[in-house]
Amino acid sequence: MRLLGLLFGLAAGPAAWIGQMLLGYGLSSYACYPKDEPRTASPPPGWNGEQLWLLVINLACLALALAGLLVALAHWRRVAQEKAGGAHHMLNLGEGRARFMALSGMLTSGLFAATILFNTVNILGVPACWSIVR
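Here goes a summary of the coordinates provided.

Calculation notes
- Residues numbered from 1 in each chain as written.
- Predicted model: local features only at pLDDT ≥ 70, side-chain atom pairs only at ≥ 80, totals over all residues.
- Heavy atoms only, no water.
- Patch = residues over 30% accessible without salt bridge, like charges linked within 9 Å, V, L, I, M, F, W, Y side chains within 5 Å.
- Areas by Shrake-Rupley, 256 points an atom, 1.4 Å probe, with all protein chains shown as cover.
- Salt bridge = Lys/Arg side-chain N within 4 Å of Asp/Glu carboxyl O.
- Helix = DSSP H or I, 4+ residues; strand = E, 2+ residues; numbered from the N terminus.
- Buried < 20%, exposed > 50% of the residue type's maximum accessible area, 1.4 Å probe, protein only.
- Axes fitted to C-alpha atoms, helices over the stretch in contact; angles between N-to-C directions.
- Parallel < 35°, antiparallel > 145°, perpendicular 65-115°, else oblique.
- Left-handed = near helix turned anticlockwise from the far one by under 90°.
- Nonpolar A, V, L, I, M, F, W, Y, C, P; charged D, E, K, R; others polar.

Let us now look at a nonpolar patch on the surface. On the surface, a nonpolar cluster with roughly 300 Å² of combined accessible area is contributed by Leu3, Leu4 and Leu7. Within the fold, Leu7 resides in helix 1 (residues 2-32). Given the relative accessible area of 40%, Leu7 is considered partly exposed.

On to the packing of helix 1 against helix 2 (residues 50-78). Taken N-terminus to C-terminus, the directions of helix 1 and helix 2 make an angle of 165°; their axes are 8 Å apart at the nearest point. With respect to each other, helix 1 and helix 2 are oriented roughly antiparallel. Every pair of crossing elements has a handedness; the one defined by helix 1 and helix 2 is left-handed. Residue classes in the contact of helix 1 with helix 2 are distributed as 17 nonpolar, ten polar and three charged.

Right, here's the structure in full:
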């Protein structure tokens, strides 16, 4: 169970960011180009609830990345008091690897959570289909 938690902490942030990018790009592209031609409707251009869905997707992905950060932090605290001994002793116990994976999970999930948060602010601040707006 400890290995699954470490792997979740390590992979949750990047997986959330990939999901946010794929779903967000597809939905925002559809909002501006539903067919072969760009949407030319007047205000709001292309937004028939897509902005709300983009916000929901981003917040769900942010929650997943933050969950990965919290799981990695919990594992980091659990292995913070490693036993004394040389590197060979720690390799046999696997504690050095667990500590490294927990630290890596905190870094990746935290950085990807920040990235998702910046993309969420972008949805609220940048107008959709900016090339269509005249």
